[in-house]
Amino acid sequence: MGDTQADVELLMKALIEPVREMLREEGGFLPFGAYLDKARRVKKVAAKADEESDQDVLTAFLEEKMQGFADANKAVATAIVSDVRAVPPGKKKERDCVAFALDHVDDYSVIVFLPYELDEENEVVFGELFAIDGDKKIFS
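Everything numeric here is computed off the predicted structure, so don't read it as measured data.

J.: Quick question: what am I supposed to make of the pattern of salt bridges here?
T.: A side chain with one charge may pair with a side chain of the opposite charge, provided their charged atoms come close. Applying the stated criterion to the full structure yields 10 salt bridges. Note that Asp107 is salt-bridged to Lys136, the shortest N-O span being 3.3 Å. In this pair, Asp107 sits in the loop between strand E4 (95-104) and strand E5 (108-118) while Lys136 sits in the segment after strand E7 (130-133), placing the two residues 29 residues apart along the sequence. Taking relative accessible area as the criterion, Lys136 reaches 43% and is therefore assigned partly exposed. When salt bridges that share partners are traced, they join Glu63, Asp135 and Lys137 into one network.

J.: Got a minute to help me understand the pairing of strand E1 (residues 32-37) in this structure?
T.: For a regular strand, side-chain orientation follows a simple rule: the groups alternate between the two sheet faces. Of all six residues in E1, six are buried; the element is thus mostly enclosed. Neither face of E1 is left uncovered, since the one carrying Phe32, Ala34 and Leu36 and the one carrying Gly33, Tyr35 and Asp37 both have all their residues buried. For E1 and strand E3 (residues 75-86), the ladder comprises six bridges, and the chain directions are antiparallel. Across the sheet, the residue bridging to Ala34 is Ala79, located in E3.

J.: Just to check I follow, could you spell out the packing of aromatic side chains for this structure?
T.: Taken as a whole and judged by the stated rule, the model has three aromatic pairs. Ring centres of Phe29 and Phe32 lie 5.9 Å apart, and the angle between their planes is 65°; on these two criteria the pair is classed as edge-to-face. The class of Phe29 is buried, set by a relative accessible area of 7%. Phe32 sits in the buried class, given a relative accessible area of 8%.

J.: How should a negative patch on the surface be read in this particular structure?
T.: Together, Glu21, Glu25, Glu26, Asp50, Glu51 and Glu52 line one region of the surface with negative charge. Overall, the relative accessible area of 72% leaves Glu51 in the exposed class.

J.: So what exactly am I meant to see when it comes to the environment of Val87 here?
T.: Residue position: Val87 is located in the loop between E3 and E4. In this view, Val87 contacts Lys92, Lys93, Glu94 and Phe130; residues no more than four positions away in its chain are not counted.

Cut-offs used in this document
Residues numbered from 1 in each chain as written. Predicted model: local features only at pLDDT ≥ 70, side-chain atom pairs only at ≥ 80, totals over all residues. Heavy atoms only, no water. Salt bridge = Lys/Arg side-chain N within 4 Å of Asp/Glu carboxyl O. Helix = DSSP H or I, 4+ residues; strand = E, 2+ residues; numbered from the N terminus. Buried < 20%, exposed > 50% of the residue type's maximum accessible area, 1.4 Å probe, protein only. Pairing = 2+ DSSP bridges. Phe/Tyr/Trp six-rings, centres within 6.5 Å; stacked < 30°, edge-to-face > 60°. Patch = residues over 30% accessible without salt bridge, like charges linked within 9 Å, V, L, I, M, F, W, Y side chains within 5 Å. Areas by Shrake-Rupley, 256 points an atom, 1.4 Å probe, with all protein chains shown as cover. Lys, Arg positive; Asp, Glu negative; His and termini not counted. Charge placed at Lys NZ, Arg CZ, Asp CG, Glu CD. Contact = heavy atoms within 4.5 Å.

If you want it as structure tokens, here you go:
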């Protein structure tokens, strides 16, 4: 297979600009996803939803879609991106974070958190990444 780390980084890099735009324009976003196909092309996936949509329901829908791409042997890596609150290591207070639930066919699963805030000009300022082990829900 390819380089696992390079594959998930490619997915994250492809998704960070759309995330930045949604945060700048809307102040937040609903979960969405993407997968990396065998040719290493990023394919975005979204659910039809509105502000009233339940994030857990959307995330479950996206997980099911990603599992389908994995089962069909179309995806080598997947990402489900959510707007969450989490406590960074060494901190006591929750912060707004972008969560990237990343899974790879090579038995790799991690959730990467990217803290953020909006400055006075409504520009997105990202903090330092931190990660936890993922749930290995996609490739099984």
